[in-house]
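# Summary of structural features
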Amino acid sequence: MLGTTTKRGVLPGFGLTMGYSVLYLSLVVLIPLSALLLNSTGLTLGKFWDIATDPRVLASFKVSFLTAAAAGLIDAVLGLLLAWVLVRYDFPGKGIFDAMIDLPFALPTAVAGVALTAIYSSNGWIGSLFEPLGIKIAFSPIGITLALMFIGIPFVVRTVQPVLQDLDAEVEEAAATLGASRFRTFRSVLFPELLPPLLTGFALAFARGIGEYGSVVFISGNMPMRTEIAPLLIMSKLEQFDYAGATAVALLLLLISFVLLLLINSLQRRFRKTAR
Amino acid sequence: MKKVLKQGVLLSLVLAMSMVVGACGNEKKNDAANAAPNTTGSGEKLKDIEILNVSYDPTRELYEKYNKAFAEHWLKEKGQKVTIKQSHGGSGKQGRAVIDGLEADVVTLALGYDIDAIQQSGLINEGWQKKNDLNSSPYTSTIVFLVRKGNPKGIKDWNDLIKDGVEVITPNPQTSGGARWNYLAAWGYALHQNNNDEEKAKEFVKELYKHVPVLDSGARGATTTFVERGLGDVLLAWENEAWLSVKELGPDKFDIIYPSESILAEPPVAVVDKVVDKRGTREVSEAYLKYLYSEEGQTIAAENYYRPTLESVKTKFADQFPDIKLFTIDEFGGWSEAQPKHFSDGGIFTQIYAPK
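Described in the following lines is the structure provided in the data block. Quantities reported herein were computed from a predicted structural model and do not represent experimental measurements.

### Here we look at the overall build of chain B
Across its full length, chain B holds 15 helices and 11 strands. Contacts in chain B between residues far apart in sequence, at least 24 positions, make up 75% of those at least 6 positions apart. Accessible surface, chain B: about 16100 Å² in total, of which carbon and sulfur atoms supply 53%.

Here's what the structure looks like:
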């Protein structure tokens, strides 16, 4: 940072790369987002407020944010375990195991949704096991969380894995020679280092979950007030040619997500500083 | 530092501009190429022509067959080779794609409401629905019940759907065009049963949707839920979808039940005026829609389980389409009235789900 802010930067090509970055960001992110704003013709502040406080919209936001947060949290724990196994141990088929982590990225989300519903609905392989216990997985918030976990898991694994890989084994050995237990070592030595990437992974999985549409519409059952997610509400408004209404919900979703992500990011930065 | 940044921004702007200009240039060239065959074609042997039919999901098989038949007919009649491209998807989505610039010569959608929306954007002239016979609906359909083989719950009519323990599968009317027909069919039945008392009809529909365990986002999704997941006792379905399910999955699994009355679903067709005038495809596009009313067009529709409107074909397929009492959307003031009243925010459907 110091080098580049002096009059003549040490690294070459700032002008060019900055130009490309601005161009790319404009074409792919900023212009489409401002088009979203411009599309809101006929959207007055009053109407925006009406839409924002509509009980059905609020309910869908609750479903979206809660399931996304739950899925993100579970993914954070499971993702840490997965990354731990991948980094610390050798076992046959590890390469395949490692590559499999990324599969949810490649699979069209609708396919994932249909497959998950087939398995977890009350006559599916796994769903039929839970049915006698009175637990409905598909067509309930549990199903939504499950779909979002599937979508989000690679984010956590792929952010934690490199950090875990870079950790010095010597520090752990030192802790051990000083008489720390395995758990104590993990808690005081490893965990502080792993917290920032875990938070990043959580934030990514969470953000992905909020916007997820394809996999969730199949498994959620889409019942208004109960299992209807915010993205479906946006689609439903578009289907009725209600651009202004759809824009309002979309904007609201973006705004809340942005604030939440900003919070998580600043948290993560603080942890990183204290960890060092 | 600042100077460098400025240069960067400037460069990106220049790049963006050049891309936009480049894209425009290309489009112009394409237009010229498209227009050429029609202006030079008079008198001489006509050049090949291509039109795009933007339709909704369940008509895929229908138009695959019909397009072949029409191309042959047109070649015989005019000596011109016509290629018809198809586009399928949810009806509302397809309508929006046309509004947003998908160059459809003709649209054949599930609801008049979707074509009305295209008209409001200025692409289709007013009065499109009067341009062809029968409200521009060459074939019709209706809403029927698909039940499990042997009809274990004894479902015969609409009021059986709100019996205790009956689960009904129907998609969400706010995301699915087909589901709006389902809803209005139930609404119409309840109105007729209660001397047009709207409050009672509302009660009935509210009760009906309490029996719906899952609201899928589209008609095909609902069919999957009912057929593959084994959820629910009765599926409210398009007549053609019901027949298709029975044909594909075996008549040993499902029965089709015809209620005492249902709605006459009229999926309309229209020429997209702005596009055909620009591309010079008006003549062939209008003929394409007209031919749907012909003996051959009607037979293809009937073979794909759509109700034909031509008497001669109707009698030929009488077995397949039992006569039941059918009421139309006009009874509810057409889509322009029914849509906001029932399905827009604050409409009756959204009130059903209002928190207690």
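Next comes the rest of the write-up.
### Topic: the layout of surface pockets
Each pocket or cavity is described by its volume, and for the largest pocket that value is around 940 Å³. What lines the largest pocket is a set of 42 residues, and nearest its centre among them are B:Asp57, B:Gly218, B:Ala219, B:Arg220 and B:Gly221. Within the residue set of the lining of the largest pocket, elements represented by two or more residues are α7 (109-120), α12 (214-220) and α13 (230-239) of chain A together with α3 (91-99), α6 (177-193), α8 (219-227) and α9 (239-249) of chain B. The element that contributes the greatest number of residues to the lining of the largest pocket is α8(B), accounting for seven residues. By residue class, the composition of the lining of the largest pocket is 15 nonpolar, 17 polar and 10 charged.

### Comments concerning the environment of A:Ala83
All names here are of chain A. Along the chain, Ala83 falls in helix α4 (residues 55-88). Given a relative accessible area of 0%, Ala83 falls into the buried group. Separated by 74 residues in sequence, Ala83 and Val157 place their C-alpha atoms 5.4 Å apart. When sequence neighbours within four positions are dropped, the list of residues in contact with Ala83 reads Val157, Val160, Gln161 and Leu164.

### Focus: empty space enclosed by the protein
Residues and elements named next belong to chain B. In the structure shown here, the tally under the stated rule is three cavities of 30 Å³ or more. Of the volumes computed, that of the largest cavity is approximately 80 Å³. Contributing to the lining of the largest cavity are Pro171, Gly178, Ala179, Asn182, Ala219, Ala222, Thr223, Leu235, Leu236, Ala237, Trp238 and Glu241. For the lining of the largest cavity, the secondary structure elements donating two or more residues are α6, α8 and β6 (234-238). The element that contributes the greatest number of residues to the lining of the largest cavity is β6, accounting for four residues. Of the residues that constitute the lining of the largest cavity, the class distribution is eight nonpolar, three polar and one charged. Looking at the second largest cavity, the residues that line it are Pro58, Glu61, Leu62, Asn240, Glu241, Leu244, Asn304, Tyr305 and Tyr306. Mapped onto the lining of the second largest cavity, the elements with two or more residues apiece are α2 (60-78) and α9. Among the elements that take part in the lining of the second largest cavity, α9 stands out by supplying three residues, more than any other.

### Description of the side chain of B:Thr108
All names here are of chain B. Looking at the secondary structure, you find Thr108 in strand β3 (residues 106-108). Look at Thr108 and you get buried, because its relative accessible area is 0%. In this structure the side chain of Thr108 is engaged in a polar contact, spanning 3.0 Å, whose partner is the side chain of Asn53. Setting aside its immediate chain neighbours within four residues, Thr108 contacts Asn53, Val54, Ser55, Tyr56, Tyr63, Tyr139, Pro268, Val269 and Leu289.

### Examining the environment of A:Pro104
Residues and elements named next belong to chain A. Along the chain, Pro104 falls in helix α6 (residues 103-106). Overall, the relative accessible area of 10% leaves Pro104 in the buried class. Discounting residues that sit within four places of it in the chain, Pro104 has contacts with Phe150, Ile153 and Pro154.

### Brief notes about the sheet that holds β3(B)
All names here are of chain B. Reading across the sheet, the four strands line up as β2-β1-β3-β9 and stay open at both edges, with mixed pairing between neighbours. Both outer strands of the open sheet, β2 (82-87) and β9 (269-271), are each paired with one neighbouring strand and no more. Across the sheet, the mean angle from the axis of one strand to that of its neighbour is 20°, orientation sign disregarded. Note that strand β1 (residues 49-55) and β2 share six bridges and pair parallel. Paired with Ile49 across the two strands is Val82, which belongs to β2.

### Here we look at the nonpolar core
Judged by nonpolar contacts, the single largest core of 71 residues is most densely connected at B:Trp158 and B:Tyr183. Broken down by element, the residue count for this core peaks at nine residues, all from α6(B). Not counting chain neighbours up to four residues away, the residues in contact with B:Trp158 comprise B:Ile143, B:Phe145, B:Asn182, B:Ala185, B:Ala186, B:Tyr189, B:Phe204, B:Leu236, B:Pro259, B:Glu261 and B:Ser262. The next biggest cluster of nonpolar side chains, apart from the first, holds 33 residues, and it includes A:Leu148, A:Val217, A:Ala246 and A:Ile264.

### A closer look at the pattern of salt bridges
Residues and elements named next belong to chain B. Scanning all chains against the criterion turns up 25 salt bridges over all chains. Where Lys85 meets Glu50, a salt bridge forms, and the shortest distance between an N and an O atom there is 3.3 Å. Remark: Glu50 occurs in strand β1 and Lys85 occurs in strand β2; sequence separation between them is 35 residues. A residue is classified by how much of its surface remains accessible, and Glu50, at 35% relative accessible area, is partly exposed. Among the salt bridges present, the one from Lys131 reaches Asp273, with a minimum N-O distance of 3.3 Å.

### Comments concerning a nonpolar patch on the surface
All names here are of chain A. A surface patch of nonpolar side chains, amounting to about 790 Å² of accessible area, comprises Tyr24, Leu25, Leu27, Val28, Val29, Leu30, Ile31, Leu33 and Leu254. Broken down by element, the nonpolar patch gets its largest block of residues, eight residues, from helix α2 (residues 14-38). Looking at the element boundaries, Val29 is found in helix α2. Among the residues examined, Val29 registers a relative accessible area of 32% and is labelled partly exposed.

### Here we look at the interface of chain B and chain A
Counting residues at the interface gives 40 residues for chain B and 35 residues for chain A. Summing the contributions of chain B and of chain A, the shared interface buries around 3200 Å²; its carbon and sulfur component is 61%. On the chain B side of the interface with chain A, the three residues burying the most area are B:Arg96, B:Arg229 and B:Tyr353, jointly 20% of the side's total. For the pair chain B and chain A, the interface holds zero salt bridges. At the boundary of chain B with chain A, the tally comes to seven residue pairs in polar contact (both at pLDDT 80 or more).

### So, the packing of aromatic side chains
The full count for this structure, using the stated rule, is 28 aromatic pairs over all chains. Consider the rings of A:Phe202 and A:Phe206, whose centres lie 5.7 Å apart with planes at 10°: the pair is stacked. Of this pair, A:Phe202 and A:Phe206 both sit in helix α11 (residues 182-211), four residues apart, roughly one helical turn. With respect to class, A:Phe202 is no different from A:Phe206; both count as buried. Measuring from ring centre to ring centre gives 6.5 Å for B:Trp158 and B:Tyr189, while their planes differ by 35°; the resulting arrangement is tilted. With B:Trp158 in the loop between β4 (139-148) and β5 (168-169) and B:Tyr189 in helix α6, this pair connects stretches of sequence that are 31 residues apart. In this structure B:Trp158 comes out as buried when scored by relative accessible area, which is 0%.

Reading guide: rules and limits
- Residues numbered from 1 in each chain as written.
- Chains lettered and ligands numbered in written order.
- Predicted model: local features only at pLDDT ≥ 70, side-chain atom pairs only at ≥ 80, totals over all residues.
- Heavy atoms only, no water.
- Helix = DSSP H or I, 4+ residues; strand = E, 2+ residues; numbered from the N terminus.
- Contact = heavy atoms within 4.5 Å.
- Areas by Shrake-Rupley, 256 points an atom, 1.4 Å probe, with all protein chains shown as cover.
- 1 Å grid on protein atoms, 1.4 Å probe; cavity = no way out; pocket = protein on both sides within 12 Å on 5 of 7 lines; lining within 4 Å.
- Points joined across faces, edges and corners; volume = space filled by probe spheres on them.
- Nonpolar A, V, L, I, M, F, W, Y, C, P; charged D, E, K, R; others polar.
- Buried < 20%, exposed > 50% of the residue type's maximum accessible area, 1.4 Å probe, protein only.
- Polar contact = N/O pair within 3.5 Å; in protein donor to acceptor, adjacent residues only side chain to side chain.
- Pairing = 2+ DSSP bridges.
- Axes fitted to C-alpha atoms, helices over the stretch in contact; angles between N-to-C directions.
- Core = buried A, V, L, I, M, F, W, Y, C linked by side-chain atoms within 4.5 Å.
- Salt bridge = Lys/Arg side-chain N within 4 Å of Asp/Glu carboxyl O.
- Patch = residues over 30% accessible without salt bridge, like charges linked within 9 Å, V, L, I, M, F, W, Y side chains within 5 Å.
- Buried area = accessible area lost by both parts, 1.4 Å probe.
- Phe/Tyr/Trp six-rings, centres within 6.5 Å; stacked < 30°, edge-to-face > 60°.

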